[in-house]
Number of protein chains: 2
Amino acid sequence: MENLMGYLGPPGTFTEEAARSYDKNGTFLLRPYPAFDKVFSAITKKEIDQGVVPVENSLEGSVNLTFDLLSGNTDVKIKGELLCRIKHFLLTAPGQTLSKIKEVYSHPQALAQCRIFLDKLLPDASRINMSSTADAAALVAQSEGKAAIASQQAAEFYGLEILRENIQDEPFNITRFFILALVDAPQTGDDKTSLLIGLHDKPGSLFSALGILANYNLNLTKIESRPVRSELGKYIFFLDIEGHRKDKKVSQALKELKEKALFLKLLGSYPRATTPI
Amino acid sequence: MENLMGYLGPPGTFTEEAARSYDKNGTFLLRPYPAFDKVFSAITKKEIDQGVVPVENSLEGSVNLTFDLLSGNTDVKIKGELLCRIKHFLLTAPGQTLSKIKEVYSHPQALAQCRIFLDKLLPDASRINMSSTADAAALVAQSEGKAAIASQQAAEFYGLEILRENIQDEPFNITRFFILALVDAPQTGDDKTSLLIGLHDKPGSLFSALGILANYNLNLTKIESRPVRSELGKYIFFLDIEGHRKDKKVSQALKELKEKALFLKLLGSYPRATTPI
């Protein structure tokens, strides 16, 4: 059987680019899924071996959804992370020029990230929101006077011309992706561990939980609180710490943390990504 | 001159509902803006007196964008917060029935939040992503066999029939909104303060900063880390604490925090929202 890797589609989005970068040797067959939860259920049903979803600074959808799904009743674990530089391209159907563009289509975040470019070079063009950069690319492929902001991948997929490249306002726009599977990754010596803990909403409760990590000299690379919707007065915290759950000091800290928290769920340990691709 | 309140449009979204709820007495004229940054610049240019944007668990766009804009070079402050229960409605053009629906349109998060309902009652209908719930409502208004998941407000605005109400999987789906203006709010005795601090990315640095808040017995109601994109190895933290920046213990804690942090930016103090509307 062929190895299958799912990703949050449609084809031509930055998530497809991330999946291709992760699968450097091309050993996986890529399969797009239309929604975050479809990627999760495809892994659970073993339709695919692993799946790629955006996590932070994403263009194709909400970060929250990835964390909501991970925190729910699922067996899916994080087995990898990937950092990608997001480059935006101004794309049109063949034969268009900048002066002909009356409308620019893209995901709202992509439009926002190219605001300075648009204000300067296309001040009179309408900016129209789409649900993904790939949908914007598909739409402009059939029309004159319309441009899309999307990835280079989308230009190839939809046969578009690149009118301008690297049009994002910030030169370094990095999106983080998770690689998900039914088991997390083995120790490599340079790992991260993602977890969530539930705490009472009272002064000092987070401080005292973080004290455990400080005691073991574990660096916290991400923290995010989320109110528990069904129970006011309780909070969930998503934490990323450096180290693998099987490393001695990590496993000891997690044990102490579990005693202090209302609950603790391990989301997975995986090799730390350092350089964006 | 009439008082003007801007909000993240289009009309018919949950953000419009939130703006109407906040302006109980109808003293403001509401004006939709097509993007987060347009709301901010309208406040700065004094086109509007205040603006309403979603902050957490939003359907119309990214939370991140609100925080990115607040953390940037802006004079805009948070002067209020609002919690709204998000209720989803299945809407169609007049005269449709459930059995005729072949396609369901909405924002990806709204579709995800109604997954159980859709799996049960419309298992064979395609689910199609739109950039907002209001865009979905506008689209189905002109067609047969199509339904939108959107707000009650959208049903009224686009003249749609409500086929089913409260179709979200979780009974309590709460979205938080900020009311923004050029000045924050005066003390009421039950306030919150939002701020961001920059810290070195090393073990214990957050722990030691939170120790200051714990010392003053200040409750932390939100925390979120964000890497500083241009400078790897540094982190920004968004914090919400209970109390007003003019309260004695808050002002003392902020002073100590400022000494410890790489930088500190006050985003505003405002009355705490307790019950969702």
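Residues numbered from 1 in each chain as written. Chains lettered and ligands numbered in written order. Predicted model: local features only at pLDDT ≥ 70, side-chain atom pairs only at ≥ 80, totals over all residues.

Moving on, we get to the overall build of chain A. Looking only at helices and strands, one finds nine helices and 14 strands in chain A. Taking 277 residues into account, the globule formula puts the C-alpha radius of gyration at 19 Å, and chain A, at 21 Å, falls close to it. Principal axes of the C-alpha set define a box for chain A whose edges measure 65 × 50 × 35 Å. Summarising the internal contacts of chain A: among those between residues at least 6 apart in sequence, 77% fall at separations of at least 24. (Helix = DSSP H or I, 4+ residues; strand = E, 2+ residues; numbered from the N terminus. Rg over C-alpha atoms; globule rule 2.2 N^0.38 Å. Contact = placed C-beta atoms within 7 Å.)

On to unusual backbone geometry. Residue and element names in this part refer to chain A. In this model, Gly-9 is joined to Pro-10 through a cis peptide bond whose omega is 0°. Position of Pro-10 relative to the elements: it lies in the loop between β1 (3-8) and α1 (14-22). The backbone of Lys-46 sits at a positive phi, close to 60°, despite the residue not being glycine.

In this section: the interface of chain A and chain B. Facing the 41 residues of chain A at the interface are 41 residues of chain B. Listed by contribution, the elements that provide at least two residues to the side of chain A that touches chain B are α2 (36-44), α3 (63-71), α4 (108-113), β7 (126-129), α8 (205-215) and β12 (220-227) of chain A. Its residues assigned to classes, the side of chain A that touches chain B shows 18 nonpolar, 15 polar and eight charged. (Nonpolar A, V, L, I, M, F, W, Y, C, P; charged D, E, K, R; others polar.)

Residue and element names in this part refer to chain A. One open sheet accounts for five strands, arranged β7-β6-β8-β5-β9; its pairing is mixed. The open sheet has two free edges, formed respectively by β7 and β9 (161-165), since each of these has just one partner strand. Adjacent strand axes in the sheet meet at a mean angle of 30° when their direction is disregarded. Sheet analysis places strand β6 (residues 103-106) next to strand β8 (residues 146-150), joined by three bridges and oriented parallel. (Pairing = 2+ DSSP bridges. Axes fitted to C-alpha atoms, helices over the stretch in contact; angles between N-to-C directions.)

Quick look at the relation of the copies chain A and chain B now. For the pair chain A and chain B, the relating rotation is 180°, the translation along its axis is 0.0 Å, and the fit reaches an RMSD of 0.0 Å. Both copies of the chain, as the preceding transformation shows, are related through a two-fold rotation axis. Same-surface contact between copies: 100% of interface residues of chain A are shared with the interface of chain B. (Least-squares fit on C-alpha atoms with pLDDT ≥ 70 in both.)

The next thing to look at is the pairing of strand β5 (residues 89-92) of chain B. Residues and elements named next belong to chain B. Burial along β5 is two-sided: the face carrying Phe-89 and Leu-91 and the face carrying Leu-90 and Thr-92 are both buried. As paired strands, β5 and strand β9 (residues 161-165) are joined by four bridges and run antiparallel to one another. Paired with Leu-91 across the two strands is Ile-162, which belongs to β9. (Buried ≥ 20, exposed ≤ 12 C-beta atoms within 10 Å, placed from the backbone.)

Time to look at the domain arrangement of chain A. All names here are of chain A. Looking at chain A, the domain boundaries give domain 1 (3-86 + 173-181), domain 2 (89-165) and domain 3 (191-271). Each of domain 1 and domain 2 was reduced to a C-alpha centroid, and the two centroids are 25 Å apart. Across the side of domain 1 that touches domain 2, the residue classes tally to four nonpolar, three polar and three charged. (Domains from an automatic or database assignment.)

Turning next to the nonpolar core. Core analysis: the biggest nonpolar cluster contains 149 residues, and Leu91(A), Ala137(A), Leu91(B) and Ala137(B) have the highest contact counts within it. The contact partners of Ala137(B), leaving out residues within four places of it in the chain, are Gly12(B), Leu91(B), Ala148(B), Ala150(B), Ala154(B), Tyr158(B) and Leu160(B). (Core = buried A, V, L, I, M, F, W, Y, C linked by C-beta atoms within 7 Å.)

Let us now look at the environment of Leu239(B). All names here are of chain B. In this fold, Leu-239 is placed in strand β13 (residues 234-242). Note on Leu-239: 22 C-beta atoms within 10 Å, which makes it buried. Sequence separation between Leu-239 and Leu-29 is 210 residues, and the spatial gap between their C-alpha atoms is 32 Å.

Next up on the list: helix α8 (residues 205-215) of chain B. Working note: α-helix, 3.6 residues per turn, so residues spaced by three or four point in the same direction. Along α8(B), the residues classified as buried are Leu206(B), Phe207(B), Ala209(B), Leu210(B), Ile212(B) and Leu213(B). Where α8(B) terminates, the next one or two residues include Asn217(B), which has phi positive at roughly 60°.

All names here are of chain B. A large share of strand β8 (residues 146-150) lies buried, amounting to five of its five residues. Burial of the side chains of β8 extends over both faces: Lys-146, Ala-148 and Ala-150 are buried on one face and Ala-147 and Ile-149 on the other. Of the pairings in the sheet, the one linking β5 to β8 comprises four bridges and is antiparallel in character. Each residue of the ladder has a partner; that of Phe-89, found in β8, is Ala-150.

Attention shifts here to α2(A). All names here are of chain A. Restricting attention to buried positions, one finds in α2 the residues Phe-36, Val-39, Phe-40, Ala-42 and Ile-43. Angularly, the buried residues of α2 cover 165° about the axis, an arc narrow enough to put them on a single face. Note on α2: the residue one or two positions beyond its end, Lys-46, has a positive phi of about 60°. (Arc of directions from axis to C-beta.)

Right, let's get into the sheet that holds strand β7 (residues 126-129) of chain B. Residues and elements named next belong to chain B. Spatially, the five strands line up as an open sheet ordered β7-β6-β8-β5-β9, and their pairing is mixed. At either end of the open sheet lies a strand with only one pairing partner, and these are β7 and β9. Within the sheet, the average angular offset between the axes of one strand and its neighbour, ignoring direction, is 30°. Most of the contacts of helix α6 (residues 133-140) go to β8, to which it runs at about 155°, and overall it touches β5, β6 (103-106) and β8.

What follows concerns the packing of α8(B) against helix α9 (residues 248-260) of chain B. Residues and elements named next belong to chain B. Two elements in contact, α8 and α9, have axes separated by 9 Å at closest approach and are oriented at 165°. Viewed along their axes, α8 and α9 adopt a mutual orientation that is roughly antiparallel. When you trace α8 past α9, the crossing you get is right-handed. Contact with α8, carried on its side by Ser-208, Ala-209, Ile-212 and Leu-213, involves Ala-253, Glu-256, Leu-257 and Lys-260 of α9 and no other residues of that element. Class assignment for the residues of the contact of α8 with α9 results in five nonpolar, one polar and two charged. (Parallel < 35°, antiparallel > 145°, perpendicular 65-115°, else oblique. Left-handed = near helix turned anticlockwise from the far one by under 90°.)

Residues and elements named next belong to chain A. Here chain A averages 88 in pLDDT, while 93% of its residues score no lower than 70. Mean pLDDT per element in chain A: α3 is the minimum at 79, and strand β5 (residues 89-92) is the maximum at 97. Interface confidence for the predicted complex, given as ipTM, is 0.72, next to a pTM of 0.79. (pLDDT = per-residue confidence, 0-100.)

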